Amino acid sequence: MTSTTPHPVRVAIIGGGQNCEHDVSLATAHAVATALPDGYEPLGLTIGRDGAWLGPDGQPLADGLAGALRLLRTCDVVFPAVHGPRGEDGTLAALCDLAQLPYVGSGVRAGALAMDKATTKLIAKDLGIPVARSALATTADGTPPLPLPLVVKPVAAGSSHGVTLVDTPDAYRPALAAALALDSRALVEETLEGREIDIAVLQRADQTLVTSPALEILTAGRLFDTTLKYDGTAAFRIPAPLTSQEQSTLTRHATRLFRALGCAGTARFDFFLTPSGFVLNEVNTAPGLTEHSQVPKMFAAAGSHYPQLLTELIDSALATHRR
């Protein structure tokens, strides 16, 4: 699908960011800009690790955010490609809302709620969606609140940064310290035995929701950590082999959470399939979006290839803004 307007749709693509996912965000932004089909004109902006705004030439804008806003106002739609805090958490959505600019993806509320893993789990439990037992920690001391082995992770971070599998008491405090280096709160969770199954939800321009085929992460018993995610060794199976009942349950859980959180654009829902059923791991409202990332792979398996997925997201953003 390509733009049908008489002039190219100018798309401001924002990458980078002030967090540990800076490089991943740059990869997403570059991939989106490269894959947009005819009829779309990309304009790249980057947020540096220090918070400085860089223009399309990669040089700092003399007037910073004010200059970035002037460039954004020359575009038809904004495509935020910043993962993690100060981006995915609703920060960029808030900027676009205040500037009255249409943008791809979830708004402030959904971004903030989904980025907070503890809050996401509260909402899921209220919907009757199972979650792992967990506890919050704010200091790097104390004793493990759950039986070992357990997983320690920052409450609001992505790409598995700061995530540690703890299998001995001595490893607990260092794991807390690693998580709290990225966030003021850490989530301590029980480990789950089961298959890692993901599914994505896409909101189309007419507000209908479409779910992708399920994806299974084949980790050979390893923790799906930052290294495994990005070193090229992770293996995926699409579609994941599920019974019709399992597929129905997975789809229902994902769409209910999408609506309850108030998501828009696309979001990825990560589950464990345990002997007792699906257990929610987390929700990503700004998932990795290179052609080789999980969400594009899932939709490609259903026949919606990468450029088409991008134009679906842009069309949905423009339609939402018109409404």
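Residues numbered from 1 in each chain as written. Predicted model: local features only at pLDDT ≥ 70, side-chain atom pairs only at ≥ 80, totals over all residues. Heavy atoms only, no water.

**Regarding the overall build of the chain**
Right, on to step 1. Regarding its fold elements, the chain presents 10 helices and 14 strands.
Right, on to step 2. The C-alpha atoms of the chain give a radius of gyration of 19 Å, which matches the 20 Å a tight globule of 323 residues would have.
Right, on to step 3. In terms of overall dimensions, the chain has a C-alpha envelope of 60 × 45 × 35 Å along the principal axes.
Right, on to step 4. Looking at the chain as a whole, 51% of its 323 residues are labelled buried.
Right, on to step 5. Sequence separation of at least 24 residues holds for 68% of the intrachain contacts in the chain that already meet a minimum separation of 6. (Helix = DSSP H or I, 4+ residues; strand = E, 2+ residues; numbered from the N terminus. Rg over C-alpha atoms; globule rule 2.2 N^0.38 Å. Buried < 20%, exposed > 50% of the residue type's maximum accessible area, 1.4 Å probe, protein only. Contact = heavy atoms within 4.5 Å.)

**A short note on the pairing of strand E14 (residues 277-284)**
Right, on to step 1. The buried fraction of E14 is high, at seven of eight residues.
Right, on to step 2. For strand E13 (residues 266-274) and E14, the ladder comprises seven bridges, and the chain directions are antiparallel. Within E14, the position partnered with Asp270 by the bridge is Glu282.
Right, on to step 3. Here E13 folds back onto E14 in antiparallel fashion, the turn holding two residues. (Pairing = 2+ DSSP bridges.)

**Considering the packing of aromatic side chains**
Right, on to step 1. Under the counting rule described, the total for this entry stands at two aromatic pairs.
Right, on to step 2. Ring geometry for Phe258 against Phe269: centres 6.5 Å apart, planes inclined by 50°, an arrangement best described as tilted. Placement of Phe258 in helix H8 (residues 244-261) and of Phe269 in strand E13 is noted, with a sequence separation of 11 residues between them. Both residues of the pair, Phe258 and Phe269, count as buried. (Phe/Tyr/Trp six-rings, centres within 6.5 Å; stacked < 30°, edge-to-face > 60°.)

**Quick look at the nonpolar core**
Right, on to step 1. The biggest cluster of nonpolar side chains holds 28 residues, and the ones touching the most others in it are Val11, Ile13, Val77, Phe79, Leu310 and Ile314.
Right, on to step 2. Looking at this core element by element, the count peaks at seven residues for helix H10 (residues 306-322).
Right, on to step 3. If we ignore the near neighbours within four places in the chain, the residues touching Leu310 are Val32, Ala35, Leu36, Phe79 and Leu289. (Core = buried A, V, L, I, M, F, W, Y, C linked by side-chain atoms within 4.5 Å.)

**Thoughts on the side chain of His22**
Right, on to step 1. Structurally, His22 is set in helix H1 (residues 22-35).
Right, on to step 2. Taking relative accessible area as the criterion, His22 reaches 6% and is therefore assigned buried.
Right, on to step 3. Among residues more than four places away in sequence, those in contact with His22 are Gly16, Gly17, Ile47, Gly48 and Arg49.

**Some words on the sheet that holds strand E4 (residues 77-80)**
Right, on to step 1. Within the open sheet, the four strands sit side by side as E3-E2-E1-E4. Their pairing is mixed. With one partner strand each, in any of the chains shown, strand E3 (53-54) and E4 form the two edges of the open sheet.
Right, on to step 2. Note that strand E2 (residues 40-47) and E3 share two bridges and pair antiparallel. Its bridge partner lying in E3, Thr46 is registered against Leu54.
Right, on to step 3. Its contacts with the sheet put H10 on strand E1 (9-16), E2 and E4, and the angle it makes with E4 is roughly 125°. (Axes fitted to C-alpha atoms, helices over the stretch in contact; angles between N-to-C directions.)

**So, the environment of Gly277**
Right, on to step 1. Along the chain, the position of Gly277 falls in strand E14.
Right, on to step 2. Take Gly277: its relative accessible area is 22%, and that puts it in the partly exposed class.
Right, on to step 3. Each C-alpha atom, one on Gly277 and one on Gly194, is 9.1 Å from the other, the two residues being 83 residues apart in sequence.

**Description of the environment of Thr119**
Right, on to step 1. Looking at the secondary structure, you find Thr119 in helix H5 (residues 117-126).
Right, on to step 2. Taking the relative accessible area as the measure of exposure, Thr119 reaches 23% and is therefore partly exposed.
Right, on to step 3. The spacing of Thr119 and Glu189 is 70 residues in sequence and 14 Å in space, taken between C-alpha atoms.

**Looking at the sheet that holds strand E5 (residues 134-137)**
Sheet strands pair by backbone hydrogen bonding; their relative direction is either parallel or antiparallel.
Right, on to step 1. In space, the four strands of this open sheet follow the order E5-E8-E6-E7, with antiparallel pairing throughout. Of all strands in the sheet, those bounded by a partner on one side alone are E5 and strand E7 (164-166). The sheet shows a mean angle of 25° between the axes of neighbouring strands, direction not considered.
Right, on to step 2. As paired strands, E5 and strand E8 (residues 186-190) are joined by four bridges and run antiparallel to one another. Each bridged residue has a counterpart across the sheet, and for Ala135 the counterpart in E8 is Val188.
Right, on to step 3. Where H5 meets the sheet, its contacts fall on E5, strand E6 (150-154) and E8, and the angle it forms with E8 comes to roughly 50°.
Right, on to step 4. The strands touched by helix H6 (residues 172-180) are E5, E6, E7 and E8; relative to E6, the strand with the most contacts, the crossing angle is about 25°.

**Digging into unusual backbone geometry**
Excluding glycine, a negative phi dihedral is what most residues carry, and trans is how most peptide bonds are arranged.
Right, on to step 1. Here the bond from Leu148 into Pro149 is cis, since omega is -5°, no more than 30 degrees from zero.
Right, on to step 2. Residue Pro239 is bonded to the preceding Ile238 through a cis peptide linkage, with omega at -5°.
Right, on to step 3. With respect to the secondary-structure elements, Pro239 resides in the loop between strand E12 (235-237) and H8.
Right, on to step 4. You will see that Gln100, though not glycine, has its phi angle at about 60°, which is positive.
Right, on to step 5. Tracing the backbone shows Gln100 in the loop between helix H3 (91-98) and helix H4 (108-115).
Right, on to step 6. A relative accessible area of 63% places Gln100 in the exposed class.

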